[in-house]
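Commentary on secondary and tertiary structure
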Amino acid sequence: MSETDHALLVIDVQNDFCPGGALAVPDGNRIVTGINALIAQSPCVILTQDWHPADHSSFASEHPGAAAYDMLDMAYGPQVLWPDHCIIGSKGAAFHPDLNTDAADLIIRKGFRRAIDSYSAFFENDQTTPTGLEGYLKTRGITRLTLVGLASDFCVAFSAQDAARLGFDVTVNMDLCRAIDLNGSLAAATDRMRAAGVTLS
Ligand code: VGL
Ligand code: ZN
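The paragraphs below set out a description of the structure included in this document. Since this is a predicted model, take the numbers as computed values, not measurements.

This next bit is on unusual backbone geometry. Cis geometry is adopted by the peptide bond preceding A151, which originates at L150 and carries an omega value of -10 degrees. Looking at the secondary structure, you find A151 in the loop between β6 (144-150) and α3 (152-165). Phi at D27 takes a positive value of approximately 60 degrees, unusual for a residue other than glycine. Among the structural elements, D27 can be located in the loop between β1 (6-11) and α1 (32-40). Judged by its relative accessible area of 36%, D27 falls in the partly exposed class. In this structure, N183 takes a positive phi of about 50 degrees despite not being glycine.

See below:
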């Protein structure tokens, strides 16, 4: 994987998505060693970091009477309400301590606007507000992406679908992802990724 047209996109390998964190993904920590091995072979490594203000509108705590994992209709569409997680500057928002962050060419943060969540590394949840990642990749001549990280059924899946829609050749390495799996969300995400033309390996 030394070709200059390829990038490794490492999604949200942060303390809050690992066991002991605020929105822990089962076994989320167990992919870190394998991701570091892939990072070591990748000429372009990009990390994403979920990065929310303490009063983010995706937090159930901002909606009196609501509970975590309830659905709410936002101006931009349906939104899962989450436990407070990945608060800007917090330990929970930091990368897993064993992740080789030194190798990253770019760290892209998302979800930093109070009123809108951003699962995808490319677009916020209105599916139109860009993060800027598309321009970064295209101006570097990158056409092929491999995605790994957390969580398979939310941020990885939405990033992969958007990347495919933007014309990138996209592979998700499912062995180096872990899922939240909320009400069948993993099976649904897998179907959506396949339908979008994403290769699951
Ligand atoms: C994520 C839920 C809320 C993710 C981020 O990284 O998959 N999921 N924020
Ligand atoms: Zn989040």
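Back to the write-up after that little detour.
Here the zinc ion (ligand 2) is held by D50 (OD), H52 (NE2) and H85 (NE2), and the distances to it run 2.0 to 2.2 Å. Viewed at the metal, the four donor atoms of the zinc ion (ligand 2) are separated by angles of 89 to 168 degrees, and the geometry they form is irregular. Site description for the zinc ion (ligand 2): donor spacing in sequence, D-x1-H-x32-H. Residue D50 is classed as buried on the basis of its relative accessible area of 3%.

Now for the nonpolar core. Note that soluble globular proteins tend to have their nonpolar side chains buried in a common cluster. By size, the foremost hydrophobic cluster in this structure holds 58 residues, and its most contacted members are V10, I35, L99, F122, L137, L145 and L147. Of all the secondary-structure elements, those providing two or more residues to this core are β1, α1, β2 (45-50), α2 (133-139), β6, α3, β7 (169-178) and α4 (185-195). Counting residues per element, this core draws most heavily on α3, at seven residues.

Taken together, six strands build an open sheet; the order of strands is β5-β2-β1-β6-β7-β8 and the sheet is parallel. Lying at the two open borders of the sheet, with one neighbouring strand each, are β5 (106-110) and β8 (199-200). Note: β2 against β5, five bridges, orientation parallel. By the bridge assignment for β5, L47 is matched with I107. The sheet strands contacting α4 are β7 and β8, and the helix crosses β7 at an angle near 160 degrees.

Scoring rules and cut-offs
- Residues numbered from 1 in each chain as written.
- Chains lettered and ligands numbered in written order.
- Predicted model: local features only at pLDDT ≥ 70, side-chain atom pairs only at ≥ 80, totals over all residues.
- Heavy atoms only, no water.
- Helix = DSSP H or I, 4+ residues; strand = E, 2+ residues; numbered from the N terminus.
- Buried < 20%, exposed > 50% of the residue type's maximum accessible area, 1.4 Å probe, protein only.
- Donors = N, O, S within 2.8 Å, 3.2 Å for Na, K, Ca; no water.
- Tetrahedral: all angles 85-135°; square planar, octahedral: opposite > 155°, others 65-115°.
- Core = buried A, V, L, I, M, F, W, Y, C linked by side-chain atoms within 4.5 Å.
- Pairing = 2+ DSSP bridges.
- Contact = heavy atoms within 4.5 Å.
- Axes fitted to C-alpha atoms, helices over the stretch in contact; angles between N-to-C directions.

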